[in-house]
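The residues making up each chain are set out below.
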Protein chains: 4
Amino acid sequence: MIYFPGISDDEFIRGGIPMTKQEVRILVLAKAKIAATDIIVDIGAGTGSLSIEAALQASQGRVYAIERHAEGIELICANVAKFNVSNLKAISGSAPLALEGLPAVDVIFIGGSGGHLSEILHESDKLLKVQGRLVITAITIETLYEALHIMQAKSNYDVEAFGAQISRIRQLKTSNMLQALNPIYIIACTKKNVNQKY
Amino acid sequence: MIYFPGISDDEFIRGGIPMTKQEVRILVLAKAKIAATDIIVDIGAGTGSLSIEAALQASQGRVYAIERHAEGIELICANVAKFNVSNLKAISGSAPLALEGLPAVDVIFIGGSGGHLSEILHESDKLLKVQGRLVITAITIETLYEALHIMQAKSNYDVEAFGAQISRIRQLKTSNMLQALNPIYIIACTKKNVNQKY
Amino acid sequence: MIYFPGISDDEFIRGGIPMTKQEVRILVLAKAKIAATDIIVDIGAGTGSLSIEAALQASQGRVYAIERHAEGIELICANVAKFNVSNLKAISGSAPLALEGLPAVDVIFIGGSGGHLSEILHESDKLLKVQGRLVITAITIETLYEALHIMQAKSNYDVEAFGAQISRIRQLKTSNMLQALNPIYIIACTKKNVNQKY
Amino acid sequence: MIYFPGISDDEFIRGGIPMTKQEVRILVLAKAKIAATDIIVDIGAGTGSLSIEAALQASQGRVYAIERHAEGIELICANVAKFNVSNLKAISGSAPLALEGLPAVDVIFIGGSGGHLSEILHESDKLLKVQGRLVITAITIETLYEALHIMQAKSNYDVEAFGAQISRIRQLKTSNMLQALNPIYIIACTKKNVNQKY
């Protein structure tokens, strides 16, 4: 089966852990501009839905999915098996500590920071290659605010951000009802070459 | 206790029936421009949250709360007792049939139509006084579309409409999370004097 | 003419200054729970649209509209004249300085802070009576974040907050188009009696 | 330069014609699941932004961009030149008439219907291959309603739909402001094999 970005939510094995919804995954993946050989880290990987799609896009690359909850690690492994992905490694632990020993990466996703966003962004900067992309999803005002302020203060990053409010339309007999997903904010950062001239 | 528009959702006795949320009630009530002596009909009254607020605003008027589900009627009566409202009458039945015998009214709310929106709007027009307000809330594309088309086709109504997407901010320890309410559309119509000149 | 909350945007005399839109004004006014004799301060009053409505609600009270831009002060005065409001005083200046000498107040609106939100909230707390309401509107992530954090840290305030995304429906010949207003966040705080027991 | 879905709005040559915004293009393209050899029609192509991205994805296929406004055709041609796309043909005219003579297609985009949505959907059905995707974007209540009703009535289509409300975050000195794009609805339909069993 050919892969296309935006696997349906119900194709993933899910537990009680919140999952990045399909429409949001599509937007996040587009902002990551994943090439086939990219090395990728997904921090706060949850069920692994985003990691799985990243692994399918970076078919000759590698994805490290960091997750601190045991239930998450189990779900990631179950999804790795279901989608038959061989280039995804689940790492049980918390960032920034769990980032130690990783190679330089092309893409970093931050979906959860466990209250250590500042340290994670500091270590992420070390890990990220020039021209690399750092994509943060925020469901709290605090993550949005801190991600914007920390990244906008770095002169070697281009930062763009937007909020997405998706409402799914559900058909009920003869009518179509709107059902809101929670709003999410996406902060997409690109690491510039510091010697780059304008 | 003094009444202010926008009673908290959790002050109402609620069952399994969907309730018009506080922020939406505030907007709907503002569009209804209720005067103290107004006669009001609330079609598809549900838990009666909107009817109760309307009754508190029309303190010398009267509210007829039409609801076809037995559970709704029970909740309306429970809320009438809780808020000590004496000018609200719950009517068990479905509109447009349940509108029969009602006096001319100043305000009509339509929160549910049971698939009979067209007939309800037809009968509502007969019931509504000149300068009266008809405020429809739509959670389906069908109700939105039909309400707009039926009411915009009537030359003796001013029609304005908007969608409201409210996200409540919930404090969790050190962070604030956004939680979306479902989007709702409000169609507010004012019956013009047909002899009115421009 | 009787006053109802939510005067149409185009009834106000407007200049190049941004105006709080009708639907947002309705929500903000509801959260302020204005009684007839209330003393009110509107910080960053802009065109005065919110101040005018507050003055109409506090018909035996008083509204102080603080605005630092000369164009704003002119618009406020023009609107005071147009709506024939006699209990609204425009104050040219910046908060917190412009708050000096004001009496204790029942309601404080903050629509603009000119980068001094922290100081304004500090002075607002001194000015606000117990049981008073402080309602902040935020159109930036920074105002939202700071308002939440400063007010949630005060143990003598109840804080609730929500985002509102309004889309107006505009009729074009045979179709109805959705036009988004910018999202806005409302932080509504009530000052508790510190001796209040639970 | 490698292509990634979601070209920046300002990379396109734009005129006075409305353009599908980047975030919406990303979602629409994902729903179209474009393979390299796909034949694609874009009805109401506007500036051609979506057509250009489709042509870059269907690098061995072909895109027919139908547009009835002369200004649109000029912009499409300018963008074809700018992006150096050789597999995109601009067709001046209105659907459904302009669809005549086209080969069977894998993907149909409908971004504008000029009031002929019903006929366009009828002809689109004839043109679309089994397993083909039909993706409609709606900015009016009428297009949303009609697209849903016409397509949900066809037993040989899977229909999914959602609304997207994007707010871009714009950095202004020390603050980040939210600026709403207009809400848009996406109706994504997949043509099933009529002999398909469940």
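Once a new chain begins, its residue numbering starts again from 1 and follows that chain's sequence as written. Key to labels: chains lettered from A, ligands numbered from 1, both in the order written. In view of the model being predicted, local features appear only for residues whose pLDDT reaches at least 70, and side-chain atom pairs are presented and counted only at 80 or more, with totals across whole chains, interfaces and linings using the full set of residues.

### Overview of the overall build of chain A
Here is the rule we go by: Runs of H or I in DSSP of at least four residues are treated as helices and runs of E of at least two as strands, each being numbered from the N terminus. What the globule rule says is 2.2 Å times the number of residues to the power 0.38, and the radius of gyration is computed from C-alpha atoms. Put plainly, a residue is buried at 20 or more neighbouring C-beta atoms within 10 Å of its own, exposed at 12 or fewer, and partly exposed in between, counting only other residues' C-beta atoms, which are placed from the backbone.
Of the regular secondary structure elements, chain A holds five helices and eight strands. Shown N-terminal to C-terminal, the secondary structure of chain A runs as helices and strands in the order α-β-α-β-α-β-β-α-β-α-β-β-β. Against the 2.2 N^0.38 benchmark of 16 Å for 198 residues, chain A shows a C-alpha radius of gyration of 17 Å, consistent with a compact globule. Overall size of chain A, expressed as C-alpha extent along the three principal axes, is 60 × 35 × 30 Å. Residues classed as buried in chain A amount to 54% of the 198 residues present.

### With respect to the relation of the copies chain A and chain D
Counted only if it meets this: A residue counts toward the fit only if its pLDDT is at least 70 in both copies, and the copies are then superposed by least squares on the C-alpha atoms of those residues.
With an axial shift of 0.0 Å and an RMSD of 0.0 Å, the rotation relating chain A to chain D amounts to 180 degrees. Taken together, the rotation and translation describe the operation of a two-fold axis. Residues of chain A ranked by C-alpha distance from the rotation axis are headed by Gln-165 of chain A, positioned 2.5 Å from it.

### Here we look at the interface of chain A and chain D
Note the threshold: Whether two residues are in contact depends on their C-beta atoms, placed from the backbone: they are in contact if these lie within 7 Å. Throughout, the ten residues Ala, Val, Leu, Ile, Met, Phe, Trp, Tyr, Cys and Pro are labelled nonpolar, Asp, Glu, Lys and Arg are labelled charged, and all others, Gly among them, are labelled polar. Pairing between strands requires that DSSP locate at least two bridges from one strand to the other.
Taken together, the 24 residues of chain A in the interface contact 24 residues of chain D. Secondary-structure elements contributing two or more residues to the side of chain A that touches chain D are helix H1 (22–32), helix H5 (141–152), strand S6 (157–172) and strand S7 (175–180) of chain A. Ranked by residues supplied to the side of chain A that touches chain D, first place goes to S6 of chain A with 10 residues. For the side of chain A that touches chain D, the class distribution of residues is 14 nonpolar, seven polar and three charged. Of the strand pairs in this sheet, S6 of chain A and strand S6 (residues 157–172) of chain D are connected by nine bridges, and their pairing is antiparallel. Paired with Ile-166 of chain A across the bridge in S6 of chain D is Ala-164 of chain D.

### Some thoughts on the relation of the copies chain A and chain B
The two copies are related by a screw operation: chain A maps onto chain B through 180 degrees of rotation and 0.0 Å of translation along the axis, at an RMSD of 0.0 Å. Counting the interface residues of chain A, we find that 100% of their copies in chain B are interface residues as well, pointing to one common contact surface.

### Some remarks on the interface of chain A and chain B
Listed per partner, the contact involves 16 residues of chain A and 16 residues of chain B. Among the secondary structure elements, those contributing two or more residues to the side of chain A that touches chain B are H5, S6 and S7 of chain A. Top contributing element to the side of chain A that touches chain B by residue count: S7 of chain A, with six residues. Taken together, the residues of the side of chain A that touches chain B break down into eight nonpolar, seven polar and one charged.

### Here we look at the nonpolar core
Cut-off, in case you're wondering: Core membership is restricted to buried Ala, Val, Leu, Ile, Met, Phe, Trp, Tyr and Cys residues, and these are joined into a nonpolar core through C-beta atoms within 7 Å.
Counting 268 residues, the largest nonpolar core has Ile-187 of chain A, Ile-187 of chain B, Ile-187 of chain C together with Ile-187 of chain D as the members making the most contacts within it. Setting aside its immediate chain neighbours within four residues, Ile-187 of chain C contacts Ile-136, Ala-138, Ala-147, Leu-148, Met-151, Val-159 and Ala-161 of chain C.

### Looking at helix H3 (residues 70–82) of chain A
All names here are of chain A. Stated precisely, the cut-off is as follows: Here a helix's expected span is defined as the number of its residues, less one, multiplied by 1.5 Å. Arc definition: it is the arc formed by the directions from the helix axis to the C-beta atoms.
Between its first and last C-alpha, H3 extends 18 Å over 13 residues, near the 18 Å set by a 1.5 Å rise per residue. Of all the positions in H3, only Gly-72, Leu-75, Ile-76, Asn-79 and Val-80 are classed as buried. Seen along its axis, H3 keeps its buried residues to an arc of 140 degrees; they face one direction. What points out from H3, more than 90 degrees from its buried face, is the exposed set Ala-70 and Ala-81. Buried residues in H3 make contact with helix H2 (49–57), strand S2 (62–67) and strand S3 (88–92).

### Points about the environment of Phe-4 of chain D
Structurally, Phe-4 of chain D is set in the segment before helix H1 (22–32). Taking the C-alpha atoms as reference points, Phe-4 of chain D and Ala-180 of chain D, separated by 176 residues in sequence, lie 24 Å from one another. Ignoring any residue separated from it by four or fewer positions in sequence, one finds Phe-4 of chain D in contact with Ala-30 and Lys-33 of chain A.

### Section: the packing of helix H1 (residues 22–32) of chain C against helix H2 (residues 49–57) of chain C
Residues and elements named next belong to chain C. The cut-off we apply is this: All axes here are fitted lines through C-alpha atoms, helices being fitted over the stretch that makes contact, and every angle between N-to-C directions spans 0 to 180 degrees. Orientation is classified from the angle alone, with under 35 degrees giving roughly parallel, over 145 giving roughly antiparallel, 65 to 115 giving roughly perpendicular, and any other angle giving oblique. Each crossing gets its handedness from the near helix: less than a right angle anticlockwise from the far helix is left-handed, clockwise is right-handed.
Closest axis-to-axis distance for the H1/H2 pair is 11 Å, and the angle between their directions is 45 degrees. As summarised for this structure, H1 and H2 are arranged oblique, according to the angle between their axes. The element H1 and its partner H2 pack so that their crossing is right-handed. In this structure, H1 contributes Arg-25, Val-28 and Leu-29 to the contact, and H2 contributes Ser-49, Leu-50, Glu-53 and Gln-57. Of the residues assigned to the contact of H1 with H2, the class counts are three nonpolar, two polar and two charged.

### With respect to the confidence of the model for chain A
For the record, the criterion: Each residue carries a pLDDT value, the predictor's own confidence for that position, ranging from 0 to 100.
The share of residues in chain A with pLDDT of 70 or more is 97%, and the mean pLDDT across the chain is 95. ipTM for the predicted complex: 0.95, alongside a pTM of 0.96.

### A closer look at the packing of helix H4 (residues 117–127) of chain C against helix H5 (residues 141–152) of chain C
All names here are of chain C. Where H4 meets H5, the closest approach of the two axes is 10 Å, and the angle between their N-to-C directions is 35 degrees. Where H4 crosses over H5, the two elements pack in a sense that is right-handed. Of the residues in H5, those touching H4 at Leu-117, Ser-118 and Leu-121 are Thr-143, Glu-146, Ala-147, Ile-150 and Met-151. Of the residues in the contact of H4 with H5, the class split is five nonpolar, two polar and one charged.

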